Amino acid sequence: MSSRASSLFRTVLLTAGVLVLLTLLALWRWPPDLLRVGANYSAKIVCSNVFLAGRDPDDVLVTDVEAPGVALLRLMLVTVDRNDGQVRAGLLGFIGRGLAVYRPGLGCTVIADGDLATLPRAGKPQAASPASAAAPLWPEGDAVETRADLDRMLEDKAIAGPGIRAIVVVDHGRIIAERYGSGIDVNTPLLGWSMTKTVLAGLVGTLVQQGKLTLDQPAGWPAGDGRDQIRIADLLDMSSGLRFNEAYGTVSDVTRMLYLEPDMARFAHDQPLAHPVGAFWSYSSGTANILSRIVQDTTGSTGSTYARQALFDPLGMKSAIIETDEHGTMVGSSYMYATAHDWARYGQFLLQNGVWQGREVLPPGFVDMMAAPVAASGGQYGHGLTWMWAKDAVEPGKNPDAAYGIPADTFWLLGHDGQSMAVMRSRQMVILRMGLTPERYRYVPEPLVKSILDATK
């Protein structure tokens, strides 16, 4: 190579290097919203799993953050400060400035605006009691007497599905089978994602029982723009008419709310009407967080304080926590962690029509209302943030669960990445399945439920 060509080559390399450095500097200084979403998501997932579930941060980064296959997330690096309860994340470790903070009693919170000074104080720490063979049988305690044949059946990967973390089978009030995935056990709190919404509906029900809320009351918008017609019932139906884009994988309303907005309920509350109130069904995590704020404004509580008093403590759900946003509002759309046993307790509670140990925690008929289909949804969604069937209908309005022999009176709690709980009233059974199962696997829980039903006839 001639000296002139060599000099030109060095110049090109130097120029390219300068451009790369300038690009990285610009991305660090002014990160696009998509990078900020990815960084805050990574920080939040690692934070919750380290400080609530006691898992190794490197394993969480690889298994929970990177494994679902989003290319952007594979380039995220995190640092964990256990002394201050902080997790920072960013593309290549520094782009995006993701930050999540753990506070005992409140869980982990995304700090979307970077302002740690505005965080409410931590509440009372909650810790799960380790299961013991000497403890009372579940649900009074955590001891179980399972069937060996069912436990063996749940070891079948084809039945359990990919990414399994926990399966719990409850029959007539007792756990008869359970299975846990690698690195997970009976004491590990697990994220329910949108199953949290159905717990939030139960919290609304406790306030109805106490006479502090009615389903027909206005949900709190001022008169004048049409939104004042939205009732509590419309929010529970996902029929508020508010505009909300629930698409994941990009910067949509839901990802902006969860990872870029300090006040999630306010963000959802400020959305305009896109449809007539009560006439159009549209799944919206924003709707759930509006309800979270209503619950907390009604009770004067912060975070999971009221949830512990009204539901978690009475039901013995010692591990359960609904994490908050920066303003201390429960993220009732998405962020409840609980052990598999405690998730199953909530399912059993619904199976018992909101009665626990003889006490009516929910009003008579409230669970029936929760499990009745919203007409505007085509029959797929219930009036209390529940699902009527576990996958989309092939024919509009036709329940696809029927092909698996699942009872018609079944309703579901469903969440992102393969979380499901079937509550089957005629069979007096609850079947919980938790996992990390991205949509690309096309997993549906009906075959699991059918296998269990067939084995317990």
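Throughout, residues of each chain are indexed from 1 in the direction in which the sequence is written. Under the rules for a predicted model, residues below a pLDDT of 70 receive no local features and side-chain atom pairs below 80 are neither given nor counted, while totals for whole chains, interfaces and linings still include all residues. Just so you know, side-chain values use all the structure's heavy atoms and leave hydrogens and water out.

Student: Would you mind showing me how to read the overall build of the protein here?
Tutor: In this text, helices come from DSSP runs of H or I with a minimum length of four residues, and strands from runs of E with a minimum of two, each type numbered from the N-terminal end. Broken down by element type, the protein carries 14 helices and 14 strands. Pairs at least 24 apart in sequence give 64% of the contacts found in the protein among residues at least 6 apart. Counting only carbon and sulfur atoms, one obtains 54% of the accessible surface of the protein, whose full area is about 19100 Å². Contact between two residues is taken to exist if any of their heavy atoms lie within 4.5 Å; hydrogens are not considered. What sets the accessible areas is the Shrake-Rupley method with a 1.4 Å probe; for residues, cover comes only from the shown protein chains.

Student: What should I look at first to understand the sheet that holds strand E1 (residues 76-81) in this one?
Tutor: Paired through their backbone hydrogen bonds, the strands of a sheet run either parallel or antiparallel. By definition, two strands form a pair when at least two bridges between them are found by DSSP. With respect to topology, 4 strands assemble into an open sheet ordered E1-E2-E3-E4, the strand pairing being antiparallel. The open sheet has two edge strands with one neighbour each: E1 and strand E4 (107-110). Neighbour-to-neighbour, the strand axes of this sheet turn through a mean angle of 20 degrees, independent of strand direction. Sheet topology note: the strand E3 (residues 95-103)/E4 ladder contains 4 bridges and is antiparallel. Note that in E4 the partner of alanine 100 across the bridge is valine 110. With axes taken as lines fitted to C-alpha atoms, and helix axes fitted only over the stretch in contact, angles between N-to-C directions fall between 0 and 180 degrees.

Student: Before we go on, may I ask you to explain helix H6 (residues 195-209) in this structure?
Tutor: For an α-helix, the turn length of 3.6 residues means that residues three or four places apart are oriented alike. What a helix should span is 1.5 Å times the count of its residues minus one. Across its 15 residues, H6 extends 22 Å between first and last C-alpha, which sits within 8% of the 21 Å expected from 1.5 Å per residue. Residue exposure (1.4 Å probe, protein chains only): buried if accessible area is under 20% of the type maximum, exposed if over 50%, otherwise partly exposed. For H6, the tally of buried residues reaches 13 of 15 residues, placing the bulk of the element in the interior. Looking one or two places after H6, you find glycine 211, whose phi comes out positive at around 80 degrees.

Student: Whenever I open this one, helix H14 (residues 446-455) confuses me. Can you help?
Tutor: Listed as buried for H14 are Glu446, Leu448, Val449, Ser451, Ile452 and Leu453. Turning to H14, the residues buried within the fold contact helix H4 (148-154), helix H5 (157-160), strand E5 (164-171), strand E12 (410-415), strand E13 (419-424) and strand E14 (429-435).

Student: What exactly am I supposed to notice about the environment of leucine 258 here?
Tutor: Its place among the elements puts leucine 258 in helix H8 (residues 253-260). Judged by relative accessible area, leucine 258 falls into the buried class, the value being 1%. Note: C-alpha distance between leucine 258 and valine 37 (221 residues apart in sequence) is 8.4 Å. Each residue touching leucine 258, except ones within four places of it in the same chain, is listed here: Val110, Met264, Val331, Ser333, Ser334 and Tyr335.

Student: Mind showing me how you'd approach the packing of H6 against helix H12 (residues 340-351) here?
Tutor: Each pair of packed helices gets described by two things: the angle between the helix axes and the distance between those axes. Interaxial distance between H6 and H12 falls to 12 Å at its minimum, and their mutual angle equals 50 degrees. As summarised for this structure, H6 and H12 are arranged oblique, according to the angle between their axes. Considering only the axes of H6 and H12, their crossing is left-handed. Every residue of H12 that contacts H6 at Met195, Thr196, Thr198, Val199 and Gly202 is listed here: Trp343, Tyr346 and Leu350. An angle counts as roughly parallel when it lies under 35 degrees, as roughly antiparallel when it exceeds 145, as roughly perpendicular when it falls between 65 and 115, and as oblique in every other case. Helix crossings are classified by the rotation of the near helix relative to the far one: an anticlockwise turn of less than a right angle makes the crossing left-handed, while a clockwise turn makes it right-handed.

Student: Help me out: how do you make sense of the state of the cysteines in this one?
Tutor: A covalent bond between the sulfur atoms of two cysteines is referred to as a disulfide. Disulfides are defined in this document as cysteine sulfur pairs within 2.5 Å. A full pass over the atoms with the stated rule returns 1 disulfide. Between cysteine 47 and cysteine 108 runs a disulfide, and the two sulfur atoms are separated by 2.1 Å. Disulfide cysteine 47-cysteine 108: the torsion about the S-S bond is -75 degrees, which places it as left-handed. Taken together, the residues cysteine 47 in helix H2 (residues 33-51) and cysteine 108 in strand E4 connect sequence positions 61 residues apart. For the pair cysteine 47 and cysteine 108, a shared accessibility class is recorded, and that class is buried.

Student: Could you clarify how one ought to interpret the pairing of E3 in this entry?
Tutor: As a general feature of sheets, a regular strand has side chains that alternate between the two faces. Counting buried residues in E3 gives 7 out of 9 residues, a clear majority hidden from the surface. In the sheet, strand E2 (residues 86-91) pairs with E3 via 5 bridges, with the strands oriented antiparallel. For leucine 91, the partnering residue across the bridge sits in E3 and is isoleucine 95. Hairpin connection between E3 and E4: a loop of 3 residues separates the two successive antiparallel strands, and glycine 105 in this loop has a positive phi of roughly 85 degrees.

Student: Teacher, can you tell me more about the side chain of serine 194 here?
Tutor: Here serine 194 is to be found in the loop between strand E7 (190-191) and H6. Any N or O atom pair separated by 3.5 Å or less is treated as a polar contact, with the protein-specific requirement of one donor-capable and one acceptor-capable atom, and with residues adjacent in sequence counted only for side-chain atom pairs. Looking at serine 194, its side chain comes within polar contact range of the side chain of lysine 197, at 2.7 Å. With residues near it in sequence (within four places) discarded, serine 194 still touches Tyr283, Ser333, Leu414, Gly415 and His416.

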